[in-house]
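# Coordinate inspection notes
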Amino acid sequence: MTEDDRAVVLAHVADHIALTRAEPGCLSFDIAETDDPMTFEVMESFRDRAAFDAHQARTRDSAWFAATRHILRDFRIEEVGD
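Calculation criteria
Chains are numbered independently. Their residues run from 1 in the order of the written sequence. Local features in a predicted model are, by the rule used here, given only for residues with pLDDT of at least 70; side-chain atom pairs are given and counted only at 80 or more, and totals for whole chains, interfaces and linings are based on all residues. No hydrogens and no water enter the side-chain calculation; it runs on all heavy atoms of the structure. Whether two strands pair depends on DSSP finding at least two bridges between them. Helix and strand assignments come from DSSP, with helices taken as H or I runs of at least 4 residues and strands as E runs of at least 2, each series counted from the N terminus. Salt bridge criterion: a side-chain nitrogen from Lys or Arg within 4 Å of a carboxyl oxygen from Asp or Glu. Relative accessibility thresholds used throughout: buried, under 20% of the residue-type maximum; exposed, over 50%; partly exposed, between the two (1.4 Å probe, protein chains only).

Attention shifts here to the pairing of strand β1 (residues 26-33). For β1 and strand β2 (residues 40-46), the ladder comprises 7 bridges, and the chain directions are antiparallel. Residue pairing in the sheet places F29 in a bridge with E44 of β2. Hairpin connection between β1 and β2: a loop of 6 residues separates the two successive antiparallel strands.

Written out as structure tokens, the structure is:
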């Protein structure tokens, strides 16, 4: 991530958070800065896999994704049963 990438994230993050939190099935969604200014931590929770998949589909068509698609994402999906 470069300084320009960081600026792009910061320019779009508030809208991305608000749109995600408004999605049906979104239980929580937060993006936080870390000690490394080039790394952000994303913590998200959805009611079920279908809600998460709908979130992924929506973001692929969003201004957020268009602006940040080239930035490396390193994530883990953890499913928790009842």
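Don't stop here, the text continues.
Evaluation of the coordinates by the stated rule reveals 7 salt bridges. Between D30 and R21 there is a salt bridge whose closest N-O contact spans 2.5 Å. We classify D30 as partly exposed; its relative accessible area is 39%. Residue E78 is joined to R76 by a salt bridge in which the shortest nitrogen-to-oxygen separation is 3.9 Å. Each of the two residues, E78 as well as R76, counts as exposed. A single network of salt bridges, built from pairs that share partners, joins R49, D53 and E79.

To continue, consider the environment of E78. Inspection of the secondary structure assignment puts E78 in the segment after α3 (63-68). Sequence separation between E78 and F40 is 38 residues, and the spatial gap between their C-alpha atoms is 18 Å.

Nothing here speaks to function; it is all geometry.
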